[in-house]
Amino acid sequence: MGFSDYISHYLSAPDSHWSFVSLTFAAVFLVFFAIYILLRKWSKGVTLGYVVVFSLLFAYKANGVLMLLLPTTALLSFYLTRVMAAREGKSRRLWMWAIIILDLAPLLYYKYTNFLIEILREITSSNISPLSIILPVGISFYTFQAISYTVDVYQRRFTMEVNLLEYLFFLTFFPLLIAGPITRAGTLIPQIKHRYHISDHQVYTGLWLIMSGLLKKALIADYIAQYNNWIFNDPTAYSGFENLMGVLGYTLQIYCDFSGYSDISIGLAALLGITLKENFRFPYQSLNLQEFWRRWHISLSTWFRDYVYIPLGGNRKGNKRTYFNNFVTMLVAGLWHGSSWMFVIWGALHGIGCVIHKYCKRWLDPIPNYWYVRFISWLITFCYVALAWTFFRAPNVSTATTILSHIASDFSLAYLVPFVETRMTWTIFVVLGFGLHAVRQRHVDRLRQLYIDSPWTLKLILLFVVLQVVINYRLSDIQPFIYAQF
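In this report, the structure presented in the accompanying data block is examined. Sequence positions are assigned chain by chain, starting from 1 and proceeding in written order. Since the coordinates come from a predicted model, pLDDT governs what is reported: local features require at least 70, and pairs of side-chain atoms require 80 or more to be given and counted, while whole-chain, interface and lining totals use all residues. Excluding hydrogens and water, the side-chain values take into account all heavy atoms of the structure.

### Let's talk about helix H15 (residues 371-393)
Part 1: Here a strand is any run of E in DSSP of at least two residues, a helix any run of H or I of at least four, and the numbering for each starts at the N terminus. To estimate how far a helix should reach, multiply one less than its number of residues by 1.5 Å. Its 23 residues place the ends of H15 32 Å apart at the C-alpha level, agreeing with the 33 Å of an ideal helix rising 1.5 Å per residue.
Part 2: The rule is simple: take the accessible area with a 1.4 Å probe, protein chains only, and divide by the maximum for that residue type; under 20% is buried, over 50% is exposed, in between is partly exposed. Looking only at H15, the buried set comprises Thr 381, Phe 382, Val 385, Ala 386, Ala 388, Trp 389, Thr 390, Phe 391 and Phe 392.
Part 3: Against helix H9 (200-233), helix H10 (240-271), helix H11 (289-295), helix H14 (341-364), helix H16 (397-409) and helix H18 (424-435) lie the buried residues of H15. In what follows, a contact means two residues having at least one pair of non-hydrogen atoms within 4.5 Å.

### Looking at the environment of Phe 115
Part 1: Mapped onto the fold, Phe 115 is located in helix H5 (residues 89-124).
Part 2: Looking at Phe 115, the relative accessible area reads 6%, which means it is buried.
Part 3: For the pair formed by Phe 115 and Ser 340, sequence separation is 225 residues and the distance between their alpha carbons is 6.8 Å.
Part 4: If sequence neighbours within four positions are ignored, Phe 115 has contacts with Leu 335, Ser 339, Ser 340 and Trp 341.

### With respect to the environment of Phe 170
Part 1: Relative to the assigned elements, Phe 170 resides in helix H7 (residues 164-172).
Part 2: Once the C-alpha coordinates of Phe 170 and Ile 128 are considered, the two residues, 42 residues apart in sequence, prove to be 40 Å apart.
Part 3: Setting aside chain neighbours within four positions, we find Phe 170 in contact with Gln 145, Tyr 149, Thr 183, Arg 184, Ala 185, Leu 188 and Ile 189.

### Here's the deal with the packing of aromatic side chains
Part 1: Pairing of aromatic side chains here covers Phe, Tyr and the six-membered ring of Trp, requires ring centres within 6.5 Å, and sorts the geometry by plane angle: under 30 degrees stacked, over 60 edge-to-face, intermediate tilted. Considering all chains together, one arrives at 64 aromatic pairs under this definition.
Part 2: Seen in terms of ring centroids, Trp 378 and Phe 382 are 5.6 Å apart; in terms of plane orientation they differ by 20°. Their pairing is stacked. Of this pair, Trp 378 and Phe 382 both sit in helix H15, 4 residues apart, roughly one helical turn.
Part 3: Trp 378 sits in the partly exposed class, given a relative accessible area of 27%.
Part 4: The ring of Trp 336 carries the charged tip of Lys 111 above its face, separated from the ring centre by 4.9 Å.
Part 5: A cation over a ring is seen here: Lys 459 above Tyr 451, with NZ or CZ 5.8 Å from the ring centre. Should the NZ of a Lys or the CZ of an Arg lie within 6 Å of a ring centre and within 35 degrees of the ring normal, that charge is described as sitting over the ring.

### A look at unusual backbone geometry
Part 1: Residue Arg 156 is not a glycine yet carries a positive backbone phi of 60°.
Part 2: Residue Arg 156 is classed as partly exposed on the basis of its relative accessible area, which comes to 44%.

### Topic: the layout of surface pockets
Part 1: Put plainly, a pocket is an open set of points on a 1 Å grid over the protein atoms alone with protein on both sides within 12 Å along at least five of seven lines, a cavity is a set where a 1.4 Å probe fits but cannot get out, and a lining residue has an atom within 4 Å of a point. Grid points are joined across faces, edges and corners, and a volume is the space filled by probe spheres set on the points. Taken as a whole, the largest pocket spans an internal volume of roughly 1,100 Å³.
Part 2: Trp 208, Ser 212, Lys 216, Asp 263 and Val 444 are, among the 41 residues lining the largest pocket, the residues nearest its centre.
Part 3: Those elements giving two or more residues to the lining of the largest pocket turn out to be H9, H10, H18, helix H19 (441-453) and helix H20 (456-473).

### A word on the nonpolar core
Part 1: Side-chain atoms within 4.5 Å are what join buried Ala, Val, Leu, Ile, Met, Phe, Trp, Tyr and Cys residues into a set we call a nonpolar core. Ranked by internal contacts, the top residues of the largest apolar core, which has 126 residues, are Phe 32, Tyr 167, Phe 173, Tyr 284, Trp 296 and Trp 389.
Part 2: It is H10 that provides the largest number of residues to this core, a total of 15 residues.
Part 3: Here Tyr 167 is in contact with Ala 74, Ser 77, Phe 78, Ala 146, Tyr 149 and Val 162, once residues within four sequence places are set aside.

### A look at helix H8 (residues 185-192)
Part 1: Three or more residues of H8 are buried, namely Ala 185, Thr 187, Leu 188, Ile 189 and Ile 192. Looking down the long axis of H8, one finds its buried residues gathered within 165° of arc, a one-sided arrangement.
Part 2: Structurally, H8 contributes buried residues whose contacts are with helix H3 (44-63), helix H6 (139-154) and H7. It is the directions from the helix axis to the C-beta atoms that the arc portrays.

### Some thoughts on the packing of H6 against helix H12 (residues 298-312)
Helix-helix packing: each pair is described by the crossing angle between the helix axes and the interaxial distance.
Part 1: Here an axis means a line fitted to C-alpha atoms, over the contact stretch when the element is a helix, while the angle between two N-to-C directions is reported on a 0 to 180 degree scale. As a packed pair, H6 and H12 sit with axes 12 Å apart at the nearest point and diverge in direction by 40°. Here H6 lies oblique to H12, going by the angle between them. Handedness of the H6/H12 crossing: left-handed. On the side of H6, the interface is formed by Phe 144, Ile 147, Ser 148, Val 151 and Asp 152, while H12 contributes Leu 300, Trp 303, Phe 304 and Tyr 307.
Part 2: In terms of residue class, the contact of H6 with H12 is made up of 7 nonpolar, 1 polar and 1 charged. Our angle categories are set so that under 35 degrees counts as roughly parallel, over 145 as roughly antiparallel, 65 to 115 as roughly perpendicular, and the remainder as oblique. By definition, any crossing whose near helix is turned counterclockwise from its far helix by less than a right angle is left-handed, and any crossing with a clockwise turn is right-handed. Each residue gets one label: Ala, Val, Leu, Ile, Met, Phe, Trp, Tyr, Cys and Pro are nonpolar, Asp, Glu, Lys and Arg are charged, and the others, such as Gly, are polar.

That is the geometry; function is a separate question.
Structure follows, in structure tokens:
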């Protein structure tokens, strides 16, 4: 390989083998972790710098040269926010908006340019061609973290003095890079201000979360994804019953995929002595859409609450304005997921559902909290969420409506037995995945504590069992995390 070929190789496409569920990443992380433990005993500054360098390498393996956007965003956001912090009054506000616009510019370009071109082409009936643009992995997540830091400093919710190294650690921390969870400066930075102790409880909690994430992502989500893809690629080739199984399968897949990633991310951070907030709390136990968004992707829903919904006026300006603010927030949340009308429709469905629930609360609240009332509330909420996921996953409106019309017009339980006989493992995983949602949080906490208190030999055996199960059932190709594309 010549020098030019060598350079071309290192400036090429991202390396998918650095996924959190790959053996390559596991081996690299073990080496990184061993050095990390040694450095922590020597110098806090060197340790932070070491993590930043590794995080940038991780970003490079995910994005190639597009990773340069990350340190560029970090440097501009850090220094300009310091300038803003020294201002008062109108000048301070103008600086805040300038920084937000600057942070958003790359995201808007890479994520929405072709979407705008498509809209312009439809309006003008022209033949404008889309640009060849590759969306950098994780850009939505680190952009939102940068914006949250600037706004929190502007509003003086975060007043701690931060140096450049600490800020680089905050914005580039590799467990958060691919798909969050979106972490505020107030959560992460105070933990790295001083040389912190990594407790046994943190390490064992981290291992528990990593095993949980592997089972969700690499076992359940990846295994059931293949059948779900068949349905959404060609729904007319399957019966209404099979289409319904595809919708239910994707409803579970996206939960296991994303919550599995969050578990691994939070678990890796715990191994490094960093405590991150939970990102999922049994969302399919929700009895209404408001509750669903308090349980699903908590870091994103609270971000939109604090930085979109409340600045719009929240619920402080009357019922009609509250409904409007709620709908707009969910519409923006839908558009955040991607430059497609399908995401807009998904956001609109959740916006409409949240508005209807708020409007009807005056009649719903007095209803006695009997078990069958809770069951009906859960069933309506779950069905609505699953319906919305159909538009989220489908490539276009035609496919989504075809799936739903097939379910409505061609559904028969006669397909149940042959379906289960043909796809026994898929059915077991789906039933197991949804069945876990019947478990209460206190039981999960108790089980985790039993693991933490167990002998190290039992912990090791359980780890090997989980790894063996994942290796036996996972597909040969590493399936990308769904939320990595957002």
